[in-house]
Amino acid sequence: MKIGFIGLGNVGGKLSGSLLRNGADLVVHDLDADLVASFVAQGSVAGGSPAAMMRDCDAVITCLPSPAASDVVMQEMLPEVCAGKIWMEMSTTDEAEVKRLGTQVIAAGGAAVDCPVSGGCHRADTGNIAIFAGCERDTFERILPLLTIMGRRVLHTGELGSASILKVITNYLATANLVSCAEALTVAKGANMDLATAFEAIRISSGNSFVHETESQIILNGSRDISFTMDLVAKDIGLFQAVADRANVPLELNPLLIDIFNDGIERFGPRELSPNIIKRLEERTGLDVTARGFPAEMVDDEPEERGAEVVARR
């Protein structure tokens, strides 16, 4: 199967790298010509344009920063969609939008999948990230060999759009946990606790979480670099709010998170690293919430291994 991959940024570059590293027949495209050139140097082929990639490839993956960007690319690809073609949307996007675009693909004879990832850029880099996939079951089985190259745990979530709903739900939870970890660590510092001891106390207790084990370490190091920015957080929790609004579910916490990150963006800029949301507290308190002995970036120490489908309980 010839695979096209559009979007070679922080996440897309790592996912496509896993495909290339594992011998996939890969065609790539990005607005950044240097990123394309780096992949060509490693053995992939430059796609030229989204339309050419849909024409020449069996499946085209998009991993782009916004629903609007995906729409622009899809409108270029759509005239080349026909029976047998697959569009795989790996961006974090709006459920309604992926359904709208997917319906156009299906009407043209192709198949559509929303298959966002979750677990951090460090796991995307090693092929150990989790992947959700929303699509028809027969389409899922066709693409499962590709998904198990890019991810360790692959979950078929149901119909098109279901994966995008679950993705923004998980990102909402991660955001809530990031803000709570920032507050917990700042309180520990203000109470004159040793921060390394506080980190371990949380890690071995009921307060532990994936976010604490990863992002709290980067916060304490001071680098705050998880390759994710405040504008992307704001986008994700905004998408979660849209899902809640369509479902007529009144929320209390998420609107507060939106306000917190809008304030962070106003203070520090949209491209500020997302764990630096703690700077709001550091500036107000005068505290420096850092400690020695923590890494500047997260590295996945789990050996790369071919992934497998995770089956939900019934």
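The structure we're discussing is the one just above.
Model, not experiment: these values are computed from the prediction. (Residues numbered from 1 in each chain as written. Predicted model: local features only at pLDDT ≥ 70, side-chain atom pairs only at ≥ 80, totals over all residues. Heavy atoms only, no water.)

## Focus on helix 9 (residues 195-203)
So, point 1. When helix 9 is considered as a whole, its buried residues turn out to be L195, A198 and F199. For helix 9, the buried positions fall inside an angular range of 100° around the axis, keeping them on one side.
So, point 2. Among the residues of helix 9, the N-terminal cap falls to D194, whose side-chain oxygen and the backbone nitrogen of A196 are separated by 3.3 Å. (Buried < 20%, exposed > 50% of the residue type's maximum accessible area, 1.4 Å probe, protein only. Helix = DSSP H or I, 4+ residues; strand = E, 2+ residues; numbered from the N terminus. Arc of directions from axis to C-beta. Polar contact = N/O pair within 3.5 Å; in protein donor to acceptor, adjacent residues only side chain to side chain.)

## Some thoughts on the pattern of salt bridges
So, point 1. Under the counting rule described, the total for this entry stands at 21 salt bridges.
So, point 2. With a closest N to O distance of 2.6 Å, R267 and D263 form a salt bridge. You can see R267 and its partner D263 sitting in helix 12 (residues 253-268), four residues apart, about one turn around the helix.
So, point 3. Assessed through its relative accessible area of 39%, R267 is described here as partly exposed.
So, point 4. Here the residues in one salt-bridge network are D94, E95, K99, E159 and R246, joined through shared partners. (Salt bridge = Lys/Arg side-chain N within 4 Å of Asp/Glu carboxyl O.)

## Thoughts on the packing of aromatic side chains
So, point 1. By the definition in use, this model includes two aromatic pairs.
So, point 2. Look at Y172 and F240: their rings are 4.2 Å apart centre to centre, the planes differ by 5°, and that puts the pair in the stacked class. Placement of the pair is Y172 in helix 8 (residues 162-190) and F240 in helix 11 (residues 230-246), with a sequence separation of 68 residues.
So, point 3. Ring geometry for F199 against F294: centres 5.2 Å apart, planes inclined by 70°, an arrangement best described as edge-to-face. One end of the pair, F199, is in helix 9; the other, F294, is in the loop between helix 13 (279-285) and strand 10 (308-310), and 95 residues separate them in sequence.
So, point 4. The class of F294 is buried, set by a relative accessible area of 12%.
So, point 5. Over the ring of F268 we find K279, and its NZ or CZ is 4.5 Å from the ring centre. (Phe/Tyr/Trp six-rings, centres within 6.5 Å; stacked < 30°, edge-to-face > 60°. Lys NZ or Arg CZ within 6 Å of the ring centre and 35° of its normal.)

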